[in-house]
Amino acid sequence: GAVVSQHPSRVICKSGTSVKIECRSLDFQATTMFWYRQFPKKSLMLMATSNEGSKATYEQGVEKDKFLINHASLTLSTLTVTSAHPEDSSFYICSARAIGRYTDTQYFGPGTRLTVL
Amino acid sequence: GNSVTQMEGPVTLSEEAFLTINCTYTATGYPSLFWYVQYPGEGLQLLLKATKADDKGSNKGFEATYRKETTSFHLEKGSVQVSDSAVYFCALSSFQGAQKLVFGQGTRLTINP
């Protein structure tokens, strides 16, 4: 099946610094990628939809200036958490949408655990 | 707005037991419905899906039927295995195809030998 990778898998940073998370579709091209946030024992919450070559679409309540998304190629989207604070600590998950003649499926990365000290 | 509600976990069963994980949804229009599974240390994987009322999705012995009259998409398996231990997420997409998924809170399933 299609594979989506995320890097890093874990990151610890100091408050006020910025952190970049990469999401790659390894064996298919994805014009659309999604970024989710998952709190402990909670569901995944969609943060934004990333479209290759255009600006990301953010969900209501998500600060676009804090969570910068860049989808510069058909296989790579990045999420940068700017000026991170402890409340940004969470599990961030990306997915990439694969569209074929008979299929339309989101493939998920393994997630990145961010801890802000 | 659209929402998905799953039964509270965790769920613990013995091997070969019958499994049901309840899922109900609220949505406008005609959503597509999905079950995803997350094995320890891995990303979410699509388990099965149904795109219209009365459709039955099935995979790896799991089944779920899209019931519009009860707005439900319950996951079932007749005989679970230890390898089925994972977290299961019910989700919907109000758009055609796999766009903008709304997830339930997930149900952790543990199967004991």
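For the structure itself, consult the block above.
The structure contained in this document is the topic of the report that follows.

About the cut-offs
Residues numbered from 1 in each chain as written. Chains lettered and ligands numbered in written order. Predicted model: local features only at pLDDT ≥ 70, side-chain atom pairs only at ≥ 80, totals over all residues. Heavy atoms only, no water. Helix = DSSP H or I, 4+ residues; strand = E, 2+ residues; numbered from the N terminus. Buried < 20%, exposed > 50% of the residue type's maximum accessible area, 1.4 Å probe, protein only. Areas by Shrake-Rupley, 256 points an atom, 1.4 Å probe, with all protein chains shown as cover. Core = buried A, V, L, I, M, F, W, Y, C linked by side-chain atoms within 4.5 Å. Contact = heavy atoms within 4.5 Å. Pairing = 2+ DSSP bridges. Axes fitted to C-alpha atoms, helices over the stretch in contact; angles between N-to-C directions. Salt bridge = Lys/Arg side-chain N within 4 Å of Asp/Glu carboxyl O. Polar contact = N/O pair within 3.5 Å; in protein donor to acceptor, adjacent residues only side chain to side chain. Nonpolar A, V, L, I, M, F, W, Y, C, P; charged D, E, K, R; others polar.

What follows deals with the overall build of chain A. Along the backbone of chain A there are 0 helices and 11 strands. Beginning at the N terminus, the succession of helices and strands in chain A can be written as β-β-β-β-β-β-β-β-β-β-β. Referenced to the eigenvectors of the C-alpha coordinate spread, the extents of chain A come out at roughly 45 × 25 × 20 Å. Across the 117 residues in chain A, those meeting the buried criterion constitute 50%. Counting only carbon and sulfur atoms, one obtains 52% of the accessible surface of chain A, whose full area is about 6,100 Å².

Note that the residue after histidine 7 of chain A, namely proline 8 of chain A, is joined by a cis bond; omega there is 0 degrees. Structurally, proline 8 of chain A is set in the loop between strand E1 (4-7) and strand E2 (10-13). In the segment running from glycine 9 of chain B into proline 10 of chain B, the intervening peptide bond is cis, with an omega of -5 degrees. By secondary structure assignment, the location of proline 10 of chain B is in the loop between strand E1 (3-6) and strand E2 (11-14).

So, on to the nonpolar core. Within the largest apolar cluster, 26 residues are counted, with the highest numbers of intra-cluster contacts made by Trp35, Leu47, Leu48, Phe73, Leu75 and Tyr88 of chain B. At the level of elements, E2, strand E3 (19-21), strand E4 (23-26), strand E5 (32-38), strand E6 (45-50), strand E8 (62-65), strand E10 (86-93) and strand E12 (107-112) of chain B are the ones that each hand at least two residues to this core. With residues near it in sequence (within four places) discarded, tyrosine 88 of chain B still touches Gln6, Ile21, Trp35, Tyr36, Val37, Leu47, Phe62, Leu75, Gly106, Thr107 and Leu109 of chain B. Core analysis: the second largest hydrophobic core is formed by 25 residues, Ala56, Phe67, Cys94 and Leu114 of chain A among them.

Residue and element names in this part refer to chain B. Strand order in the open sheet formed by 4 strands is E3-E9-E8-E7, and the pairing between neighbours is antiparallel. Looking at which strands have only one partner, the edges of the open sheet turn out to be E3 and strand E7 (56-59). Each strand axis lies, on average, 15 degrees off the axis of its neighbour in the sheet, ignoring direction. Bridge count for E3 against strand E9 (residues 75-77) is 3 bridges, and the pairing is antiparallel. Bridge pairing links leucine 19 to lysine 77 in E9.

Okay, the interface of chain B and chain A next. Accessible area lost upon the coming together of the parts is a frequently used measure of interface size. With 17 residues of chain B at the contact, the number on the chain A side is 18 residues. The tally of links from chain B across to chain A stands at 1 salt bridge. Here glutamate 59 of chain A ties to lysine 100 of chain B by a salt bridge, and the two come within 3.1 Å at their closest N and O atoms. Across the contact surface, chain B and chain A share 3 residue pairs in polar contact (both at pLDDT 80 or more). Breaking the side of chain B that touches chain A down by element, the ones donating at least two residues are E5, E6 and strand E11 (101-103) of chain B. Residue composition of the side of chain B that touches chain A, grouped by class: 7 nonpolar, 7 polar and 3 charged.

Another aspect to go through is the pattern of salt bridges. A full pass over the atoms with the stated rule returns 6 salt bridges over all chains. Two residues, aspartate 88 of chain A and lysine 66 of chain A, come together in a salt bridge whose shortest N-O distance is 2.9 Å. Placement of aspartate 88 of chain A in the loop between strand E8 (76-81) and strand E9 (90-99) and of lysine 66 of chain A in the loop between strand E6 (57-58) and strand E7 (67-73) is noted, with a sequence separation of 22 residues between them. Taken individually, aspartate 88 of chain A and lysine 66 of chain A each receive the classification buried, so the pair is uniform in this respect. Its salt-bridge partner being aspartate 84 of chain B, residue lysine 77 of chain B comes within 2.8 Å of it at the nearest N-O pair.

Geometry only, nothing functional implied.
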